[in-house]
Amino acid sequence: MIVYCIIYSRGETMGIFSFKGGIHPPHAKKFTEHKAVELAVEPSTVAIPLRQHIGAPCDALVQKGDYVKVGQKIGEPASFVSAAVHSSVSGTVKELKVMDTLGGKDLCVVIESDGQNVVDESIKPHPPLETLEPKQILDIIKSAGIVGMGGAGFPTHVKLSPPKEKTIDFVILNGAECEPFLTADHRLMLEAPEKVVLGLKALMKVLGVPKGYIGIEDNKPDAIESVKKAASASPEIEIASLKTKYPQGAEKQLILAVTGREVPSGGLPMDAGAVVNNVATAAAIAEVLTTGMPLIDRICTVTGSCIKEPKNLRIKVGTMLTEIVEQCGGFNETPGKIVLGGPMMGIATSTLSIPSTKTTSGILTFNEADSKTPEALACMKCGKCVTTCPAYLEPVYISAYALIDQFDMAEKYSALDCIECGSCSFICPSKRPLLQSIRLAKREILARRRKA
């Protein structure tokens, strides 16, 4: 295992471990990395899904004809693993309608904006962080509907409620943004580093841990310096300059890189004494603490070979993707593929007629040439997928068993430990459908477990 020595601005030295495997896909960030975040045009109508997170959908708190205000809660969590939903505009509820969303079909609250952005009376700044108890901070995070904004959408209050027998030693913020094309987190760390730091302090206080880290890949030196400056008066926070390598931002790989601890097979970050959150999640926590405003908008990178003018936009939750693309000049040619999120772990969509959510970190559009799927050839038995896999798996065998429906064997080869980073498919010279078949195996294994 390779050890990297990183020298910090305060003269401290820390060993940084490189995780095993990984790849170096083209970054393709030049289109937007130097473009400041722009405020998106106010949407005339929003369609806000009542499920924008892992877990149960929310129960609607409004009905057709109701007048709602910015920040007003319109969706009540239906279970512990759920997250509240709030209105991003002021206006009248036109209807509650089941619509196509990124996750399938979900009940959405369709609101016609009055353009006034009248803020709900409940939206008020909270007392300073220093005066708040951990339970109060946790309740604020829960009521604000904060979720993981790196793409997973896991409710943050759940992540901050580990079992009593689990000891948490570190909170780590993921600022790696290792996915190609995406620059939303990069711009956030440049333009609002103080929010990232305040959010990290809040997370640390909830969990009662003395140490926090912000991991940033070393291909973003300006972001590293920006966040270092914002955290200069906080010795309990370290900025970890990480080796640029995909998937550096994956939780298990990030924990290993920053702390040297390894998450056991089948385990969670808490099993290594760590809780990991995205920098955008931390900034959203800072926003609700300082202004009282829940999570109703986010930064989104709109880019790709089909976009006329790539941008980083701050978009309101519920804005239709068609409107967002129009604000970037539309398409310069017919797109062959549209991906929400990054090109490695994002999800392809066949339409832009769906609303944005709390997890819409990127809208990537690619022309026909860039999106063409190469023909799969026979496995060459080169072993590249094995040496590349950051989860210590043997993708070639898991995939082979999945393709012949031998899911019990795929499970024996630890298919469920796959983090679905796509490194194996990227590196495969035969362009085998490794990730796709492993995902199939995981779904089948989990379905069988639920049935049992």
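The structure presented is a predicted model; accordingly, all values stated were derived computationally and were not measured. (Residues numbered from 1 in each chain as written. Predicted model: local features only at pLDDT ≥ 70, side-chain atom pairs only at ≥ 80, totals over all residues. Heavy atoms only, no water.)

Caption draft 1: Highlighting the side chain of S437. Relative to the elements of secondary structure, S437 occurs in helix 14 (residues 434-451). For S437, a relative accessible area of 4% puts it in the buried group. Reaching out from S437, the side chain makes a polar contact with the side chain of S399 at a distance of 2.7 Å. Of note is the side chain of S437, whose polar atom sits 2.9 Å from the backbone oxygen of L434. Not counting chain neighbours up to four residues away, the residues in contact with S437 comprise S399, A402 and L403. (Helix = DSSP H or I, 4+ residues; strand = E, 2+ residues; numbered from the N terminus. Buried < 20%, exposed > 50% of the residue type's maximum accessible area, 1.4 Å probe, protein only. Polar contact = N/O pair within 3.5 Å; in protein donor to acceptor, adjacent residues only side chain to side chain. Contact = heavy atoms within 4.5 Å.)

Caption draft 2: Region of the structure containing the domain arrangement of the chain. When the domains of the chain are assigned, the result is domain 1 (45-113), domain 2 (132-291), domain 3 (296-370) and domain 4 (384-451). Computed over C-alpha atoms, the centres of domain 1 and domain 2 are 27 Å apart. With 10 residues of domain 1 at the interface, the matching set in domain 2 holds 12 residues. Summing the contributions of domain 1 and of domain 2, the shared interface buries around 800 Å²; its carbon and sulfur component is 69%. On the surface where domain 1 and domain 2 come into contact, there are 0 salt bridges. In this structure, the connection of domain 1 to domain 2 is made through 3 residue pairs in polar contact (both at pLDDT 80 or more). Broken down by class, the residue content of the side of domain 1 that touches domain 2 amounts to 5 nonpolar, 4 polar and 1 charged. (Domains from an automatic or database assignment. Buried area = accessible area lost by both parts, 1.4 Å probe. Salt bridge = Lys/Arg side-chain N within 4 Å of Asp/Glu carboxyl O. Nonpolar A, V, L, I, M, F, W, Y, C, P; charged D, E, K, R; others polar.)

Caption draft 3: Inspection of the pairing of strand 4 (residues 45-49) at higher detail. Where burial is concerned, most of strand 4 is hidden: 4 out of the 5 residues are buried. Pairing analysis gives 5 bridges linking strand 4 to strand 10 (residues 104-113), with the strands arranged antiparallel. Directly across from A47, in strand 10, lies its bridge partner V110. (Pairing = 2+ DSSP bridges.)

Caption draft 4: Representation of the side chain of T244. With respect to the secondary-structure elements, T244 resides in the loop between strand 13 (237-242) and helix 6 (251-259). Given a relative accessible area of 13%, T244 falls into the buried group. Apart from the residues within four sequence positions on either side, T244 is in contact with H24, H27, E217, D218 and N219.

Caption draft 5: Representation of the pattern of salt bridges. Under the counting rule described, the total for this entry stands at 20 salt bridges. Across the pair K316 and E42 runs a salt bridge whose closest N-O atoms are separated by 2.9 Å. Here the residue K316 occupies a position in strand 16 (residues 311-316), and E42 occupies one in the loop between strand 3 (38-39) and strand 4, the gap between them amounting to 274 residues. Note that K166 and D271 form a salt bridge whose closest N and O atoms lie 2.4 Å from each other. Pair noted here: K166 is in the loop between helix 2 (156-159) and strand 11 (170-174) and D271 is in the loop between helix 6 and strand 14 (274-278), with a separation of 105 residues, a long-range link.

Caption draft 6: Inspection of unusual backbone geometry at higher detail. With omega at 0°, the peptide bond leading from Y246 into P247 counts as cis. Of note, P247 is situated in the loop between strand 13 and helix 6. Positive phi, close to 40°, is recorded for E177, a residue that is not glycine. With respect to the helices and strands, the residue E177 is situated in the loop between strand 11 and helix 3 (184-191). For Y392, which is not glycine, the phi dihedral falls at a positive 65°. Position of Y392 among the secondary structure elements: in the loop between helix 10 (384-388) and helix 11 (395-403). Residue classification places Y392 among the partly exposed positions, given a relative accessible area of 42%.

Caption draft 7: Local environment of the pairing of strand 16. Taking burial as the measure, the 6 residues of strand 16 include 5 buried ones, the bulk of the element. Sheet topology places strand 3 next to strand 16; 2 bridges connect them, and they run parallel. Within strand 16, the position partnered with L39 by the bridge is R314. Here 6 bridges tie strand 15 (residues 297-303) to strand 16, and the two strands are oriented antiparallel to one another. From the neighbouring strand, C300 faces strand 16, where its bridge partner is L313.

Caption draft 8: Broad picture of the packing of aromatic side chains. A full pass over the atoms with the stated rule returns 5 aromatic pairs. With a centroid separation of 5.3 Å and 70° between ring planes, the pair formed by F181 and F366 is classed as edge-to-face. Taken together, the residues span a long stretch of sequence, with F181 in the loop between strand 11 and helix 3 and F366 in strand 19 (residues 362-366) at a distance of 185 residues. A relative accessible area of 9% places F366 in the buried class. An aromatic cluster is defined as three or more aromatic residues linked by ring pairs; in this entry it consists of F31, F181 and F366. Stacked on the ring of F19, the Lys or Arg K245 has its end atom at 4.5 Å from the ring centre. (Phe/Tyr/Trp six-rings, centres within 6.5 Å; stacked < 30°, edge-to-face > 60°. Lys NZ or Arg CZ within 6 Å of the ring centre and 35° of its normal.)

Caption draft 9: Structural view of the sheet that holds strand 7 (residues 73-76). Here 3 strands make up an open sheet; going across it, the order is 5-7-8 and the pairing antiparallel. Each edge of the open sheet is held by one strand with a lone partner, namely strand 5 (59-60) and strand 8 (85-86). Here 2 bridges tie strand 5 to strand 7, and the two strands are oriented antiparallel to one another. Paired with D59 across the two strands is E76, which belongs to strand 7.

Caption draft 10: Local environment of the nonpolar core. Ranked by size, the top nonpolar core spans 47 residues in total, and within it L160, L173, L188, I214, I216, I237 and I239 carry the most contacts. Secondary-structure elements contributing two or more residues to this core are helix 1 (134-143), strand 11, helix 3, helix 4 (193-207), strand 12 (211-217), helix 5 (221-230), strand 13 and helix 7 (279-291). Counting residues in hydrophobic clusters, the runner-up holds 15 residues, among them I307, C328, L340 and I363. (Core = buried A, V, L, I, M, F, W, Y, C linked by side-chain atoms within 4.5 Å.)

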